[in-house]
Amino acid sequence: MELSGSEIIVQFLKDEGVEHIFGYPGGAVLHIYDAIHRQDDVKHILVRHEQGATHAADGYARATGKPGVVLVTSGPGATNAITGIATAYMDSIPMVVISGQVPSGMIGSDAFQEVDAIGVSRPCVKHNFLVNDINKLAITLKKAFYVATTGRPGPVLIDIPKDITAPHIKISYEYPKQVSLRSYNPTVKGHPKQIKRAAELLLSAKRPMIYSGGGVILGNASEELRKVTRLLGFPITQTLMGLGAYPGTDKQNIGMLGMHGTYEANMAMHECDVLFAIGARFDDRITGDTSKFCPKAKIIHIDIDPASISKTINVDIPIVGEVKQVLTDLYQILEQSAEKPDQKALKNWWTRINSWQQQDCLAYDHTSKHIKPQSVIEALYEVTGGNAYVTSDVGQHQMFAAQFYPFDEPRRWINSGGLGTMGFGLPAAMGVKMAFPQAEVACVTGEGSIQMCIQELSTCLQYDLPVKIINLNNRYLGMVRQWQEFFYEKRYSHSYMDALPDFVKLAESYGHIGIRVEDPADLKAAMQEAFSHKDRVVFLDVITDQTENVYPMIQAGAAHNQMEISPVHKKRLGSINPEGELS
Amino acid sequence: MRHIISLLVENESGALSRIAGLFSARGYNIESLTVATTQDPTLSRMTIVTAGSDKIIEQITKQLHKLIDVVKLQDLTEGNFIEREMMFVKIRAEGETKRSEIQRLSNIFRARIIDVTDSTFCVELTGSGDKLNAYIKTLQDSDVIEIVRSGSMGITRGEKALTL
Ligand SMILES: Cc1ncc(C[n+]2csc(CCOP(=O)(O)OP(=O)(O)O)c2C)c(N)n1
Ligand SMILES: [Mg+2]
């Protein structure tokens, strides 16, 4: 087949199985857009801002497990995409970003819309490529997809100068089915000896704890995690990125851990004698003060990325490999082992954990005349039967969603955990809806975050993406306000959201339905109404209690057993002594 | 602890900036970095001298490994190795006494005088960093016009080698 560079790109995407790309045109990619125009196989979604394109592709990737694909022009197109690329990078999301570049001969001349996209993106991509020879175009595209989707996944950027895509230069094209890179061979199998040692340690545990992260979801290892966890009968906690890998409603699940994790999960972390970390990276929002982290535990850690092992916390039994494979091997050993977990010790351990659970750390005030943000998430859970895809932005609303919407399936909870990117929620929801048009998709957001990518409401209309936006409108950059309340003696510097738009009218002007609700008594009905409009985008503007905080909270420098608990929790249970036990 | 890390990297334009960028982004120390091609034109050989605790060195080697352009890596300091650095020094050399003094010292250090004018010598010297420092110490500060050092390069002793 004789094809131009532009045609090669489009044909390659089709051959690679790419159905959707998210993008925005401009001078350097016009040849490519012309090739897109001449076909129907690869569907292009025109966003309203390149940040939206990257987040949409990211949401698509998180929900499907397939790489998200983005097309942007040179200069401002590429720089606008950076936030979304960095977001994907921090959460190890497979993504391929194609950026146009000025013609090869003009690179380095400060040409119109020239920016060194390779240089600018370098610190936030898994890898990037500049294509300087049309003969290398197809193989470079293949390499990009290969690198993005294998090992620890991540975004890959390909910068393509305009002359490479010129319509009159044609070469023969054949889809490169395979590619190998001599410098890149991700480990798949874990070391058998290490897995055996891990099994022995697990079986000897008196107070075990499983701590699983986003790696389990990325590695499609939920099934394996469930099998191992159930076989062992151990308590399991998950990171913000790992929610859904193990069913949120299962009784072995004791909730999220970390800064805003549950009381029981954090206490159990502090008290456990064996910690089994699976596809999690000991992020600082999880560990708190590393010197006080799991002080009594021996640690086993499975990760695909050797650099994640013993980076912040030293581990006793490291296992490098794909989580799915390692857990499969481990399950076999555990199942065949004559030894079984110490049931008596385990029973005592569960008794302690149950006593922590009984404190009901997430309890909140149900008598308030204001709508409590927690109750909004509970209503969302009820109305969607716990089956929705929920994307979120960043702030208090994100934590409430994570705490009050237990996900039973992986890939349903979609949020920017690593970078904490406000503006992520709406475009990510679009990406999910694109992938699963029949599924309910809700974006839980705040009046601050939603305004960072609000323009994508227009994309939702154009491509018929009826997502539901649940705006927890507290008229504050709530998470910032919370920190100012706790750590800056209530000096609320620039955390009040003044001059807010009328979100109902705003939604309407974009062609959608807007609903405002202020009275707790109306919440449930409003939520039901929002989801009754199957084919419409609904913007549910919920006016919530301005003073609510997210609890429990582990403050900087504190250990897991030194949580700040909610006023309700405190009132009901008296004060907590320094060991974290109730007195 | 000081470590010398040898790398084989793809001979691609972005490779050097990726490696340098890794060190600056993660706040790792770089004492010196040298790079040039090998007998295989698709590969470059790089020697990085760095310092840090065992934990940091472990992270440095793991993070370097993670870069797609890094094909192979070896921490020379873990075994027996040879380290050399090369230096040019342009020295003010006026008057017979001074000129013969510099010649005498250079002989002791096995340095070679590779360029001569009425008023200057250019000296070439190879050796460990310590030897180069010692040579510089023998000179008067005011006589040193210019110093160019290559940074360290290293190779393992014996059969063991960093090859594909
Ligand atoms: C792009 C970006 N800028 C700044 C921040 C810092 N930040 C974290 S949470 C937050 C407040 C978010 O406010 P809102 O969306 O209203 O959510 P709330 O906390 O009120 O629920 C801010 C400003 C961020 N995470 N992302
Ligand atoms: Mg807010």
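The residue numbering used here restarts from 1 in each chain and proceeds along that chain's sequence as written. Just so you know, chain letters begin at A and ligand numbers begin at 1, following the order they were written in. It should be noted that, the model being predicted, local features are given only for residues of pLDDT at least 70 and side-chain atom pairs only at 80 or more, the latter also being counted only at that level, while totals for whole chains, interfaces and linings use all residues. To get the side-chain values, all heavy atoms of the structure are used, and hydrogens and water are removed first.

The next thing to look at is the pairing of strand β2 (residues 20-23) of chain A. Side chains on a regular strand alternate between the two faces of the sheet. Residue and element names in this part refer to chain A. Here the term buried applies to any residue with accessible area under 20% of the maximum for its type, exposed to any over 50%, and partly exposed to those in between, with areas from a 1.4 Å probe on protein chains only. A run of DSSP states H or I qualifies as a helix once it reaches four residues; a run of E qualifies as a strand once it reaches two. Both are numbered from the N-terminal end. Side chains of β2 alternate between two faces, with H20 and F22 and I21 and G23 buried alike. For β2 and strand β3 (residues 43-46), the ladder comprises 4 bridges, and the chain directions are parallel. Bridge pairing links I21 to H44 in β3. Traced from β2 through helix α2 (residues 30-37) to β3, the parallel crossover comes out right-handed. Where β2 meets strand β4 (residues 68-72), 2 bridges bridge the pair, whose relative direction is parallel. The residue of β4 that forms the bridge with F22 is V70. The pairing criterion is simple: DSSP has to find at least two bridges between the two strands. Crossover handedness is defined here as right-handed if the route from the first strand over the helix to the second strand goes clockwise, with the strands pointing away from the viewer.

It is worth spelling out the pattern of salt bridges at this point. The term salt bridge refers to a pairing of a side-chain nitrogen on Lys or Arg with a carboxyl oxygen on Asp or Glu at a separation within 4 Å. A full pass over the atoms with the stated rule returns 40 salt bridges over all chains. For D40 of chain B, the salt bridge is made with R182 of chain A, and the minimal N-O distance between the two is 4.0 Å. Separated into two different chains, D40 of chain B in the loop between β2 (32-37) and β3 (43-51) and R182 of chain A in the loop between β8 (170-172) and α7 (192-204) make up a pair that spans both. Accessibility expressed as a relative area gives 24% for D40 of chain B, which makes it partly exposed. Under the relative-accessibility criterion, R182 of chain A is labelled partly exposed at 35%. Across the pair R516 of chain A and D502 of chain A runs a salt bridge, and its minimum N-O distance is 2.8 Å. Taken as a pair, R516 of chain A in strand β19 (residues 513-517) and D502 of chain A in the loop between α18 (478-487) and α19 (503-509) lie far apart in primary sequence, 14 residues in all. Classification of R516 of chain A by relative accessible area gives partly exposed; the value is 38%.

Geometric descriptors of this kind do not, in isolation, establish any biological role.
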